[in-house]
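# Coordinate analysis (summary)
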Amino acid sequence: MPARLLTQCRLATMTPGGAPYGLVEDAAIAIDNGRIAWAGASPELPSQYTELPEELLGGRLVTPALIDCHTHLVHGGDRAREFEMRLNGVSYEEIARAGGGINSTVVSTRAASEQELIDTALIRLDSLIADGVAVVEIKSGYGLTVDDELRMLRVARRLGELRPVKVVTTWLAAHAMPRDFNGDADQYINDVVIAGLERAAAEGLVDAVDGYCENIAFSPAQIERVFQKARELGLPVKLHAEQLSDQKGAVLAARYGALSADHLEHLAPEDAGALAAAGSVAVLLPGAFYALRETKLPPIEALRSAGVPMAVATDCNPGTSPLSSLLVTMNMACVLFRLTPEEALAGATSAAAKALGLSGEYGTIEPDTRAELAVWNVKHPAELSYRIGRSPLERRISAMETA
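Residues numbered from 1 in each chain as written. Predicted model: local features only at pLDDT ≥ 70, side-chain atom pairs only at ≥ 80, totals over all residues. Heavy atoms only, no water.

## With respect to the packing of helix α5 (residues 146-162) against helix α6 (residues 185-202)
It is the contact of α5 with α6, at a shortest axis distance of 9 Å, that shows an interaxial angle of 45°. It follows from the interaxial angle that α5 and α6 lie oblique. For the crossing formed where α5 meets α6, the hand is right-handed. In contact with V146, D147, L150 and L153 of α5, α6 contributes D191, V192, G196, R199 and A200. In terms of residue class, the contact of α5 with α6 is made up of five nonpolar, one polar and three charged. (Axes fitted to C-alpha atoms, helices over the stretch in contact; angles between N-to-C directions. Helix = DSSP H or I, 4+ residues; strand = E, 2+ residues; numbered from the N terminus. Parallel < 35°, antiparallel > 145°, perpendicular 65-115°, else oblique. Left-handed = near helix turned anticlockwise from the far one by under 90°. Contact = heavy atoms within 4.5 Å. Nonpolar A, V, L, I, M, F, W, Y, C, P; charged D, E, K, R; others polar.)

## Considerations on the packing of aromatic side chains
Overall, the coordinates contain four aromatic pairs when judged by the stated rule. For the pair F289 and F337, a centre-to-centre distance of 5.1 Å together with 75° between the ring planes defines the contact as edge-to-face. One end of the pair, F289, is in helix α10 (residues 286-291); the other, F337, is in helix α12 (residues 326-337), with 48 residues separating them in the sequence. Classification of F289 by relative accessible area gives buried; the value is 6%. (Phe/Tyr/Trp six-rings, centres within 6.5 Å; stacked < 30°, edge-to-face > 60°. Buried < 20%, exposed > 50% of the residue type's maximum accessible area, 1.4 Å probe, protein only.)

## A few points about the sheet that holds strand β11 (residues 281-284)
A sheet is described by the order of its strands in space; here eight strands give the open sequence β5-β6-β7-β8-β9-β10-β11-β12, paired in parallel fashion. In this open sheet, the two strands that pair with only one neighbour each are β5 (66-68) and β12 (310-312). Averaged over neighbouring strand pairs, the angle between their axes works out to 25° when direction is ignored. When β5 meets strand β6 (residues 133-139), the two strands line up parallel, connected through three bridges. (Pairing = 2+ DSSP bridges.)

## Observations concerning the domain arrangement of the chain
Parsing the chain into structural domains produces domain 1 (4-64 + 364-398) and domain 2 (66-356). A separation of 30 Å is found between the C-alpha centroids of domain 1 and domain 2. The partner domain 2 presents 21 residues to the 21 residues of domain 1 that form the contact. Together, the buried faces of domain 1 and domain 2 total about 1600 Å²; carbon and sulfur atoms form 64% of this surface. Between the two partners, domain 1 and domain 2, sit zero salt bridges. For the interface between domain 1 and domain 2, the tally reads five residue pairs in polar contact (both at pLDDT 80 or more). Listed by contribution, the elements that provide at least two residues to the side of domain 1 that touches domain 2 are β4 (54-64), β13 (373-376), α15 (383-386) and β14 (393-397). For the side of domain 1 that touches domain 2, the element with the most residues is α15, which contributes three residues. (Domains from an automatic or database assignment. Buried area = accessible area lost by both parts, 1.4 Å probe. Salt bridge = Lys/Arg side-chain N within 4 Å of Asp/Glu carboxyl O. Polar contact = N/O pair within 3.5 Å; in protein donor to acceptor, adjacent residues only side chain to side chain.)

## Describing the UniProt feature "domain: Amidohydrolase-related" (unreviewed entry) in the chain
Feature annotation in UniProt assigns "domain: Amidohydrolase-related" (unreviewed entry) to the following positions: residues 61-380. End C-alpha atoms of residues 61-380 are separated by 7 Å, and the span's content is 44% helix alongside 15% strand. (UniProt positions renumbered as here; feature names shortened; annotations may be inferred.)

## Let's talk about the nonpolar core
Membership of the largest hydrophobic core comes to 98 residues, with the highest contact counts inside it found for L66, W171, Y188, F218, L275 and L303. If you tally residues by element for this core, the top one is α6, at eight residues. Counting the residues that make up this core, at least three belong to each of domain 1 (4-64 + 364-398) and domain 2 (66-356). Excluding residues that lie within four positions of it along the chain, Y188 makes contacts with L144, A173, A176, M177, P178, F181, V193 and F218. (Core = buried A, V, L, I, M, F, W, Y, C linked by side-chain atoms within 4.5 Å.)

## With respect to the sheet that holds β13
Sheet strands pair via backbone hydrogen bonds, and the direction of the pair is either parallel or antiparallel. If you walk across this open sheet you meet the six strands as β3-β2-β1-β4-β13-β14, and the pairing is mixed. The open sheet terminates on both sides in strands that have one partner only, identified here as β3 (35-41) and β14. Within this sheet the neighbouring strands show an average axis-to-axis angle of 40°, counted without direction. Note that strand β1 (residues 4-12) and β4 share six bridges and pair parallel. Across the sheet, L11 pairs through a bridge with V62, a residue of β4.

## A few points about the pattern of salt bridges
One pass over the full model with this rule turns up 29 salt bridges. Residue K229 pairs with E198 through a salt bridge whose shortest N-O separation is 2.8 Å. Here E198 lies in helix α6 and K229 lies in helix α7 (residues 220-233), a separation of 31 residues in the sequence. Residues joined in a network through salt bridges with shared partners are R110, D148, R151 and D180.

## Examining the UniProt feature "binding site: N-formimidoyl-L-glutamate" (unreviewed entry) in the chain
When the UniProt feature table is mapped onto this chain, "binding site: N-formimidoyl-L-glutamate" (unreviewed entry) is found at Y142, N317 and G319. Across 178 residues in sequence, these annotated residues keep their C-alpha atoms within 11.5 Å of one another, forming a single compact spot. Relative to the elements of secondary structure, N317 occurs in the loop between β12 and α12. Residue class for N317 comes out buried when judged on its relative accessible area of 4%. Apart from the residues lying within four places of it in its own chain, the contact partners of N317 are H72, H75, Y142 and P322. One polar contact links the side chain of N317 to the main-chain amide nitrogen of G319, over a distance of 2.8 Å. Along the polypeptide, G319 turns up in the loop between β12 and α12. Judged by its relative accessible area of 3%, G319 is buried. Setting aside its immediate chain neighbours within four residues, G319 contacts R79 and R86.

Below you can see the structure in the form of structure tokens.
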């Protein structure tokens, strides 16, 4: 990225303290070597940046580029038929126990070629990019054999080569029990989850480790074995926790210093303090709440009061959140979960960066962060959560540009 000076803009820096959104009127941003060298009010621009090539942004709003910190972007097939079944009164739990749910996507994913997985994932990724997304987390979890899980992570890495986005990969082999193991979850944890994680780490394919701690998935004791292996390998952990019931997965995640605990509809309010003490992020996934027609809200006020950062993510997946717009997700977080528009934007920028261990690199506009920016045709940052179904993105400015 060539050095440049952006002027005639308004900034939502998303840095703590000061004005809401870190808003700066009549602002300028100096970029050098792909990083923010300076950002602030134009009259305060240091003299060493005045000679940089200047770009006038016509009063547009500039925010950090958005971050989708929880997706299942790589998969085969769809589950539209199950969507229809749920509308006719069949619960997600009943579908999963009857062999549908995640396992039906496993069949389609195993059958798809690597190129087919790339091609279909790119459609979803391009939708996110059109919403100003520059970082996306992508989980495995639809292969449920060592080789198929590794193949999913290789596809995810390839997506980051094909598009100007940073892809963060997560090992989620502890997603569901495949039929091949006849219900022996402990053996599956041994033979696939832990053995495959060792291979994924050795091949440099994995950035973090996740699991699904739920009454239709894996117990806290089984997840703890996975977390212990992650700790041995020096990998951070996160967890699908308290989506359908309170298994105390979030407490377990906090005990291991997890980057995040995700879903949390059934989190006991008193457990928010454990997440705060661990520095873990609560990742809210309103798309799944909406698609499953859930009624129990995450304990937002308890999370706020405890000072737990709240990220917002699409949970883009074929079964419970076929959603590939982070802006729509932000709107859902406000309408369904009662977040403020400022909290929703922080949830897709600074808090999302923290949920991926990327604070200081992404998610804010301040010196030394990467110059990953979104330029919007809006007058106020609240509009990013207000509008539904139309992206007001003017363009992205990316440190991944080479010229």
